[in-house]
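# Fold and geometry: a report
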Amino acid sequence: MRKVITFGTFDVLHIGHIRILQRAKALGDHLTVGISTDALNYAKKQKDAVYSETDRMEIVRSIVGVDDVFLEHSLELKGHYIQQYGADILVMGDDWAGRFDHFKSLCQVVYLPRTDGISTTSTLENIRLRA
Ligand code: C2G
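Residues numbered from 1 in each chain as written. Predicted model: local features only at pLDDT ≥ 70, side-chain atom pairs only at ≥ 80, totals over all residues. Heavy atoms only, no water.

### Some points on the packing of aromatic side chains
- Tallied over the full model, the rule gives six aromatic pairs.
- Its guanidinium or amino end placed over the ring of Phe 7, Lys 78 lies 4.3 Å from that ring's centre, counting from NZ or CZ. (Phe/Tyr/Trp six-rings, centres within 6.5 Å; stacked < 30°, edge-to-face > 60°. Lys NZ or Arg CZ within 6 Å of the ring centre and 35° of its normal.)

Spelled out as structure tokens, the structure:
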């Protein structure tokens, strides 16, 4: 069984998130998703996620094709997570291209093109304009 792992905040879920998860799962038989904790998200983006870590876990867990989710506490623990979850492939959007090449000793590393024209930030802005 080829195990795929990917990571993200997955806040205010949108089609870009769905498409990376679908494409990640298509590369293997089992998909594990590391969800950034609220604290890690703040550290990455200097702003709070709209949805709590608990809600983001439950939302991503409910997506067809996602087999397992866990809380990602630190970007520095990625190697530990890859080994803990027995991942054969690490998949990330290409906004992270090159950033995880050092894990090639542990697993295959694949960067997939991001979905253009959509982000959590732009989605929130669109909502504000319509509120
Ligand atoms: N993504 C995408 N297309 C978009 C937006 C996001 O393919 N239009 C991808 C990102 O490249 C990432 C995943 O969706 O692979 C999750 O995106 P975020 O929730 O923004 O996660 P990020 O802040 O990139 O966290 O350990 C790595 C980090 O936790 C990744």
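### Digging into the sheet that holds strand β5 (residues 108-112)
- Taken together, five strands build an open sheet; the order of strands is β3-β2-β1-β4-β5 and the sheet is parallel. Of all the strands in the sheet, the pair left with one neighbour each is β3 (68-72) and β5. With strand direction ignored, the average angle separating the axes of adjacent strands in the sheet is 25°.
- Here strand β1 (residues 3-8) pairs with strand β2 (residues 30-36) via six bridges, running parallel. Paired with Val 4 across the two strands is Leu 31, which belongs to β2.
- The strands touched by helix α1 (residues 15-25) within the sheet are β1, β2, β4 (89-93) and β5, with β2 carrying the most contacts at an inclination of about 145°. (Pairing = 2+ DSSP bridges. Helix = DSSP H or I, 4+ residues; strand = E, 2+ residues; numbered from the N terminus. Axes fitted to C-alpha atoms, helices over the stretch in contact; angles between N-to-C directions. Contact = heavy atoms within 4.5 Å.)

### Notes on the pairing of β4
- Burial analysis of β4 places five of its five residues in the buried class, which makes it a mostly covered element.
- Sheet topology places β1 next to β4; two bridges connect them, and they run parallel. Bridge pairing links Val 4 to Ile 89 in β4.
- In this sheet, β5 lies alongside β4 in parallel orientation, the contact comprising five bridges. Paired with Met 92 across the strands is Tyr 111, a residue of β5. (Buried < 20%, exposed > 50% of the residue type's maximum accessible area, 1.4 Å probe, protein only.)

### A word on the environment of Val 12
- Looking at where Val 12 falls in the secondary structure, it is placed in the loop between β1 and α1.
- Overall, Val 12 belongs to the buried group, its relative accessible area being 8%.
- In sequence terms Val 12 and Leu 124 are 112 residues apart; their C-alpha atoms lie 8.2 Å from each other.
- Those residues in contact with Val 12 that lie beyond four places of it in its chain are His 17, Val 50, Tyr 51, Thr 120, Thr 123 and Leu 124.

### A short note on the nonpolar core
- If you look at the biggest cluster of nonpolar residues, it comprises 17 residues, and the most contacted ones within it are Leu 21, Val 33, Val 60 and Val 66.
- Discounting residues that sit within four places of it in the chain, Val 33 has contacts with Thr 6, Phe 10, Leu 21, Val 60, Val 66, Asp 68, Val 69 and Phe 70.
- Among the nonpolar cores identified, the runner-up in size contains 14 residues, and Tyr 85, Phe 103, Cys 107 and Val 109 belong to it. (Core = buried A, V, L, I, M, F, W, Y, C linked by side-chain atoms within 4.5 Å.)

### Let's talk about the site of the ligand
- Taken together, 21 residues lie near the ligand, and Glu 72, Lys 78, Asp 95, Trp 96 and Ile 118 sit nearest.
- In the environment of the ligand, an oxygen atom lies 3.2 Å from a nitrogen or oxygen atom belonging to the side chain of Ser 36.
- Lys 45 has a polar side-chain atom sitting 2.9 Å from an oxygen atom of the ligand.
- Within the complex, 96% of the 630 Å² of free accessible area of the ligand lies under protein.
- The leading source of residues in the shell around the ligand is α1, at three residues.
- Of the residues assigned to the shell around the ligand, the class counts are seven nonpolar, eight polar and six charged. (Near = heavy atom within 4 Å. Polar contact = N/O pair within 3.5 Å; in protein donor to acceptor, adjacent residues only side chain to side chain. Areas by Shrake-Rupley, 256 points an atom, 1.4 Å probe, with all protein chains shown as cover. Nonpolar A, V, L, I, M, F, W, Y, C, P; charged D, E, K, R; others polar.)

### What about the side chain of Thr 115?
- Within the element layout of this structure, Thr 115 appears in the loop between β5 and α5 (120-130).
- On the accessibility criterion, Thr 115 (16% relative accessible area) is buried.
- With near-sequence residues (within four places) excluded, Thr 115 lies in contact with Ile 15, Gly 16, Arg 19 and Arg 23.

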